[in-house]
Amino acid sequence: MSAIRPRVQTKLADGPAAIVVLGDLLVCAVLLLASIGVIGAEPTTRAEETAAWQSAGKLYLGWLVVGAASFAVLRMPKALLAHVSTMLLSPMALFVLLLSSGSG
């Protein structure tokens, strides 16, 4: 019976990290859609487009910093690592995806 306990405890400890990853992916998707005008008002001028990208960038950096600080203060290292890696890797993956689809 004691051999089963650590495995169950490990699975329960990974729950917050999985929720963090899903939440971060959702936030990244919403910010991308908002910056290109799918959500909210569609930018019609270059100035509106620049303002939309800048506000999405500020929200992105704010989410990254506040999330990292929160998980560090709460001493949740797996959630902290999941948050930072998801927030840094998802834009890179999207960029690579867009480059690979545009070249074909």
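The structure contained in this document is the topic of the report that follows. (Residues numbered from 1 in each chain as written. Predicted model: local features only at pLDDT ≥ 70, side-chain atom pairs only at ≥ 80, totals over all residues. Heavy atoms only, no water.)

**Section: the overall build of the protein**
Worth spelling out the cut-off: Only DSSP runs of H or I covering at least 4 residues are called helices, and only runs of E covering at least 2 are called strands; the numbering of each starts at the N terminus. Residue contacts are defined here by distance: any two heavy atoms, one from each residue, within 4.5 Å place the two residues in contact. Method for areas: the Shrake-Rupley scheme with a 1.4 Å probe, in which residue coverage is limited to the protein chains shown.
Tallying secondary structure elements over the protein gives four helices and zero strands in all. Along its sequence from the N terminus, the protein presents helices and strands in the succession α-α-α-α. Counting contacts in the protein only where the partners sit at least 6 residues apart, residues at least 24 apart contribute 55% of the total. Split by element, the accessible area of the protein, about 7700 Å² in all, is 74% carbon and sulfur.

**Details of the nonpolar core**
Let me state the cut-off plainly: Take the buried residues of types Ala, Val, Leu, Ile, Met, Phe, Trp, Tyr and Cys, join any two whose side-chain atoms come within 4.5 Å, and each joined set is a nonpolar core. Exposed residues in this analysis have more than 50% of their type's maximum accessible area, buried residues have under 20%, and partly exposed residues fall in between, with area computed by a 1.4 Å probe over protein chains only.
The biggest cluster of nonpolar side chains holds six residues, and these are V27, C28, L31, Y60, L64 and M87. For this core, the secondary-structure elements that each account for two or more residues are α2 (15-36) and α3 (46-73). Ranked by residues supplied to this core, first place goes to α2 with three residues. Here C28 is in contact with Y60, M87 and S90, once residues within four sequence places are set aside.

**A word on a nonpolar patch on the surface**
The test is simple: To count toward a patch, a residue needs a relative accessible area over 30% and no salt bridge; like charges are then connected within 9 Å, while nonpolar side chains (Val, Leu, Ile, Met, Phe, Trp, Tyr) are connected within 5 Å. Salt bridge, as used here, is a side-chain nitrogen of Lys or Arg placed within 4 Å of a carboxyl oxygen of Asp or Glu.
On the surface, L26, V30, L33, I36, V38, I39 and W53 cluster together to form a nonpolar patch covering roughly 630 Å² of accessible area. At four residues, the largest contribution of residues to the nonpolar patch is made by α2. Among the secondary structure elements, I39 is positioned in the loop between α2 and α3. Exposure remark for I39: the relative accessible area of 39% places this residue in the partly exposed category.

**What to know about the side chain of D24**
The cut-off we apply is this: The charged-residue count follows a simple rule in which Lys and Arg add positive charge and Asp and Glu add negative charge, with His and chain termini not counted at all.
Structurally, the position occupied by D24 is in helix α2. It is K78 that comes nearest to the buried, bridge-free D24 among opposite-charge side chains, at 16 Å. In contact with D24, other than residues within four places in its own chain, are W63, A82, H83, T86 and M87.

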